[in-house]
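Descriptive analysis of the structure
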Amino acid sequence: MSKIEFKNFSFRYKNLKEPTLENINLEIKDGEKVLITGQSGSGKSTLVHCINGLIPFAYPGEISGQLLIDGCEPCNENIFEISKKVGTILQDQDSQFIGLSVGEDVAFILENNMMPLSEMRKTVLESLGVVDMQDSIDQSPYELSGGQKQRVSLAGVLSSRSKILLFDEPLANLDPASGKSVIHLIDKLHRKSDKTILIVEHRIEDVLEENIDRVVVVAKGKIIFNGQPCDLLTSDVLHKAGLREPLYIEALKHSGIELTQKHKIDNINNCDDTRIKEGVLNWYQVDQVIKKNNVKSDILSLRNVDFSYQKEKKILKDISFNIRKGEIVSILGNNGAGKSTLSGLIAGILKPDNGEIILNGTMINKWSIKKVGENVGYVMQNPNNMIVKHMLRDEVTLGLKDRSRDPKRLSLKGVLNKRGSVKKGFNPFYSLKLHVGLQLRNMSQKNRDRKKVVHARGIENKYLDIIKTCGLYGFRNWPINSLSYGQKRRAAIASILTLDPKIIILDEPTAGQDYRTYTSFMKFIKELAGLGIAILIITHDIHLALEYSTRSIVLSDGCKIADDTPANVLSEKEIIEKANLKETSLGRLASIVGIEDKNDFIQYFIDFEKGQK
Amino acid sequence: MSKFGTLYVESDSFFHKMEPSLKLLIFVLWSIIVFMFLDVRINIFLLCLGMVCLSFSKIPFRIIKNLFIVVTVFNLINAVFIFLITPGYGTMLTGKTTILCSFMDYNFTVETLFYIITLSLKYISLLPMAMILIFTTHPSRFASSLNKVGIPYKIAYTFNVIFRYIPDIQYEFKTIVHAQAARGLSFNKDEKSFVKRVRNLFNITIPLINSALNRIDHVTKAMDLRGFGKHHKRTWYNATKFTKVDYIVLVISVFIFIAFLWFKIGNDIKFWYPF
């Protein structure tokens, strides 16, 4: 029996001209576990909204064709009937956590269904038991990590006993280890219950770590693939759809092994096949590449920096490191390890208790945020939180107009004040002064006008330069709201570039972005680094760290536990565990095919990819 | 701030266990009594009674002290203004004039001084009950209790949501303000020109409002998806029950209230002045 069935289904949002979903035919059977994936803007979120009832109730639009959810048509029901059938676990754990305590939040759906109190308490405990959170029943959301909040959300949906569970990007805000445990939990749930599970996610590698029955790939509003994971991985669908293949699959493809369904490579453990082993070993030659030691000068140094919000508990302990010009450094670590605190210290928002922060040879511990800001740019995760103006030009040039105005303007106040006293009686002395004064004023006026023009021209030139660097030249006269999310990100960076920063801190620059957007954004960041700007990336995304950073600094519990190349850091078991990271599938592939020096293999892969691009 | 990010102070006092709607009722009755009289005797009595209740509530002394200081300062300012603007008000109420001292055209009278003391005590005597209501009531329990006494649950639940998201929004605001300051748009003492500070503040409000609206949008959808507003009624996980003690307290409070009402009707004094 099918739980969800789309028949020739199309949907067009009310304010859009083109349909977002076109002629969708999809059937999901009872008890299936399906991954739905696609680039941002492919229509996968729209598909999700169709299933959980937000379409047509929260987002109106035009529907054609048929959609049946558990035998009912959503448009004939109301959103509550659908929410009874489909439990949605949203991407944003904070907005999803409505109650003031864990128990209350899990009970939310039951309260709305008017369940009596005694039964409610029992159900809440049961549901929390499934996700291993019974002990936290009285905790507040502020005491939980992202992964724990995710579990509470799941318990909240489980308590309603809906048959279909819909996970909307469950990995988006989690560190690698928590993400892994959530995926594992979903799998456990699927094995133990008869629920139909839909996971919408573009981090395919992480989802495929546990068994998945079927993968649906959406591109440009259409379903371009609908089948088993191993078929998907052996084809080039993901590549065409602008999605990221699992790293080990990429490695296998690089080594030129002909992959067939037989290999069942959706499970990495099946890579111990002799043909695969040989292929990989052939591709990977242990050649000692002479590393270019192009050491540039330090731009930023931290020396024994301590920091605490309250005196009792230190958030950062004895942190020291150097950042060189044009370096891309990733800062890794679990939630609460002190990553954001560290970036706050570098950006001058926070002041260290002890130690020194040295920028370009000067100690900046006591500098104001504004002064540090002229050297260190801080880019928030959500560009909408940075944008203050309507037009792109105004936004980007805002800082320029503010800073470069010459404060020493020729003051004529003194001379002009004398003017009043002239009227009282004739005094040749004053009239002479007045004459000179007026002359002076005219001269300075002209001068100022000319300066203004030069100044404006300077701003305009700089604006165009920066906008070109950021790939937004075509939008130079556009309002910001008509830019896409990725373009807004660039705009936010452009407005910081006007200040000529030496360092840019990026907070989770790739969160929730698909491979194509991500790649083009990171390419842009690399170009910036090429200009000599040091880039600090705070991230959970180990792929990002691996591919784009030259160095990783790992924090755990306020201490620096590693400062090495990403490949080395991510093949060190102890560091991985301490910082809630995860071994990459490349590392696993290496051990499966019998390569001892894992980090060299990972490095070889990265260099190979770089060579290809 | 408690771990819930609200004003609620967790403890297990007599007042913590009391039904929230009853606390609200007592607070309302208390306020009516306070505003009914301009009588220093009653205010002193209420203040003492309030302090006794407060001592049972196990609210940390630090919080009590700070709030008392705030209210006292407010009262002092109020007193100064009354003296300056209507120095003859006490005379108007009592019909007597006992000049304390005079300065130019101003006559400071004992009557007005007494009036000010009464008025200040009146405000201060409201404080203990207000504090008990605010600090010993868990927002969720308060919401469920309000719903029980007849307030629609959609309105009652607003309390919950507000308390839940205030800290989140605060945190988000802080981050935005800092990021903007780093960009040169600061409105604290970093920025020397006052005009620029105001302009920056104006600029920053756009992302702030944007983020708050965004949050509201997400929360609304999350609530929709979990069936909020499905039925005309709902049950509450944090439901409260009227206990025997609550009924006794209710009867006593109503009795005291009636006694005061009777006293008010029996003795029609607008302003009690002993001299």
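This structure is a prediction, so every number in the text was calculated from the model and none was measured.

**Let's talk about the overall build of chain B**
The helix and strand tally for chain B stands at 10 helices and 2 strands. In chain B, the succession of helices and strands from N to C terminus is α-α-α-α-α-β-β-α-α-α-α-α. Scaling as 2.2 N^0.38, a compact globule of 275 residues should have a C-alpha radius of gyration of about 19 Å, whereas chain B reaches 24 Å, well beyond that. In chain B, which comprises 275 residues, the share counted as buried stands at 33%. Summarising the internal contacts of chain B: among those between residues at least 6 apart in sequence, 73% fall at separations of at least 24.

**Observations concerning the domain arrangement of chain A**
All names here are of chain A. Once the domains are mapped, chain A shows domain 1 (2-244) and domain 2 (246-283 + 585-613). Spacing between the C-alpha centres of domain 1 and domain 2 amounts to 32 Å. Residue-level contacts link 8 residues of domain 1 with 10 residues of domain 2. The set of elements that each furnish at least two residues to the side of domain 1 that touches domain 2 consists of α9 (204-207) and α10 (229-234). No other element matches α10, which puts 5 residues into the side of domain 1 that touches domain 2. When its residues are assigned to classes, the side of domain 1 that touches domain 2 shows 5 nonpolar, 1 polar and 2 charged.

**What about the domain arrangement of chain B?**
Taken domain by domain, chain B consists of domain 1 (14-138 + 256-266) and domain 2 (145-225). Computed from C-alpha atoms alone, the centre-to-centre distance between domain 1 of chain B and domain 2 of chain B is 34 Å.

**Comments concerning the packing of helix α2 (residues 20-36) of chain B against helix α10 (residues 244-266) of chain B**
All names here are of chain B. Put simply, α2 and α10 touch, their axes get as near as 11 Å, and they point 15° apart. Judged by the angle between their axes, α2 and α10 are roughly parallel. Judged by the sense of rotation from one axis to the other, the crossing of α2 with α10 is left-handed. The segment α2 lies against α10, with Leu 22, Ile 26, Leu 29, Ile 33 and Met 36 engaging Asp 246, Val 249, Leu 250, Ser 253, Phe 257, Phe 260 and Lys 264. For the contact of α2 with α10, the per-class residue count stands at 9 nonpolar, 1 polar and 2 charged.

**Structural notes on the interface of chain A and chain B**
Chain A puts 53 residues into the contact, and the matching count from chain B is 48 residues. At the level of elements, α3 (79-85), α4 (93-96), α5 (102-112), α6 (117-130), α15 (369-373), β15 (376-379), α16 (392-403) and α19 (485-497) of chain A are the ones that each hand at least two residues to the side of chain A that touches chain B. Considering every element that reaches the side of chain A that touches chain B, the biggest residue donor is α5(A), with 7 residues. Partitioning the side of chain A that touches chain B into residue classes produces 28 nonpolar, 17 polar and 8 charged.

**Examining helix α1 (residues 44-52) of chain A**
Of all the 9 residues making up α1(A), 8 are buried; the element is thus mostly covered by neighbouring parts of the structure. Buried residues of α1(A): A:Lys44, A:Thr46, A:Leu47, A:Val48, A:His49, A:Cys50, A:Ile51 and A:Asn52, and no others.

**Structural notes on helix α9 (residues 194-225) of chain B**
Given a rise of 1.5 Å per residue, 32 residues ought to cover 46 Å, and the 47 Å separating the end C-alpha atoms of α9(B) matches this to within 8%. Where α9(B) bends most, the angle comes to about 25°, and this point is B:Thr205, followed within four residues by the proline B:Pro207. For α9(B), the full list of buried residues reads B:Asn200, B:Ile204, B:Pro207, B:Val219, B:Lys221, B:Ala222, B:Asp224 and B:Leu225. Contact partners of the buried residues in α9(B): α1, α2 (54-57), α3, β5 (86-89) and α4 of chain A together with α8 (153-182) of chain B. One or two residues past the end of α9(B) sits B:Gly227, with phi positive at roughly 80°.

**Here's the deal with the nonpolar core**
Counting 178 residues, the largest nonpolar core has A:Ile503, A:Ile505, A:Ile535 and A:Leu536 as the members making the most contacts within it. Setting aside anything within four residues of it in sequence, one finds A:Ile503 in contact with A:Ile299, A:Leu300, A:Ile323, A:Asn375, A:Val376, A:Ile533, A:Ala534 and A:Leu536.

**What to know about the pairing of strand β2 (residues 106-109) of chain B**
Residue and element names in this part refer to chain B. Pairing between strand β1 (residues 99-103) and β2: 4 bridges, direction antiparallel. When the bridges of β2 are listed, Phe 103 appears paired with Tyr 106. As consecutive antiparallel partners, β1 and β2 are separated by 2 residues, and within that stretch Met 104 has a phi angle of approximately 50°, a positive value.

**Points about unusual backbone geometry**
Residues and elements named next belong to chain A. Cis peptide bonds are those with omega within 30 degrees of zero, and the linkage from Ile 55 to Pro 56 qualifies with 5°. Here Pro 56 lies in helix α2. Despite not being glycine, Asp 318 has its phi angle at roughly 50°, a positive value. Its place among the elements puts Asp 318 in strand β11 (residues 314-324).

**Observations regarding the pairing of β15(A)**
Residues and elements named next belong to chain A. Here β15 shows two buried faces, one formed by Val 376 and Tyr 378 and the other by Gly 377 and Val 379. Bridging between β15 and strand β16 (residues 503-507) involves 4 bridges; their strand directions are parallel. Counted as the bridge partner of Val 379 is Leu 506 from β16.

**Here we look at the packing of α2(B) against helix α6 (residues 110-135) of chain B**
Residues and elements named next belong to chain B. Following both chains from N to C, one finds α2 and α6 inclined at 175°, their axes separated by 10 Å at the closest point. When the axes of α2 and α6 are compared, the pair comes out roughly antiparallel. The residues of α6 that touch α2, namely those facing Lys 23, Leu 24, Ile 26, Phe 27, Trp 30, Ser 31 and Val 34, are Lys 122, Ser 125, Leu 126, Met 129, Ala 130, Ile 132 and Leu 133. Among the residues making up the contact of α2 with α6, the classes are represented as 10 nonpolar, 2 polar and 2 charged.

**Overview of the sheet that holds strand β17 (residues 534-538) of chain A**
Residues and elements named next belong to chain A. Ordered in space as β15-β16-β17-β12-β18-β19, the 6 strands form an open sheet in which the pairing is mixed. Every other strand in the sheet has two partners, leaving β15 and β19 (559-564) as the edge strands with one partner each. Taking the axes of each pair of neighbouring strands and ignoring which way they run, one obtains an average angle of 20° across the sheet. In terms of strand pairing, strand β12 (residues 328-333) meets strand β18 (residues 551-556) through 5 bridges, oriented parallel. The residue bridging Gly 333 from the neighbouring strand is Leu 555, located in β18.

Cut-off values and rules
- Residues numbered from 1 in each chain as written.
- Chains lettered and ligands numbered in written order.
- Predicted model: local features only at pLDDT ≥ 70, side-chain atom pairs only at ≥ 80, totals over all residues.
- Helix = DSSP H or I, 4+ residues; strand = E, 2+ residues; numbered from the N terminus.
- Rg over C-alpha atoms; globule rule 2.2 N^0.38 Å.
- Buried ≥ 20, exposed ≤ 12 C-beta atoms within 10 Å, placed from the backbone.
- Contact = placed C-beta atoms within 7 Å.
- Domains from an automatic or database assignment.
- Nonpolar A, V, L, I, M, F, W, Y, C, P; charged D, E, K, R; others polar.
- Axes fitted to C-alpha atoms, helices over the stretch in contact; angles between N-to-C directions.
- Parallel < 35°, antiparallel > 145°, perpendicular 65-115°, else oblique.
- Left-handed = near helix turned anticlockwise from the far one by under 90°.
- Expected span 1.5 Å × (residues − 1).
- Bend = angle between axes of the 7 residues up to and from the residue.
- Core = buried A, V, L, I, M, F, W, Y, C linked by C-beta atoms within 7 Å.
- Pairing = 2+ DSSP bridges.

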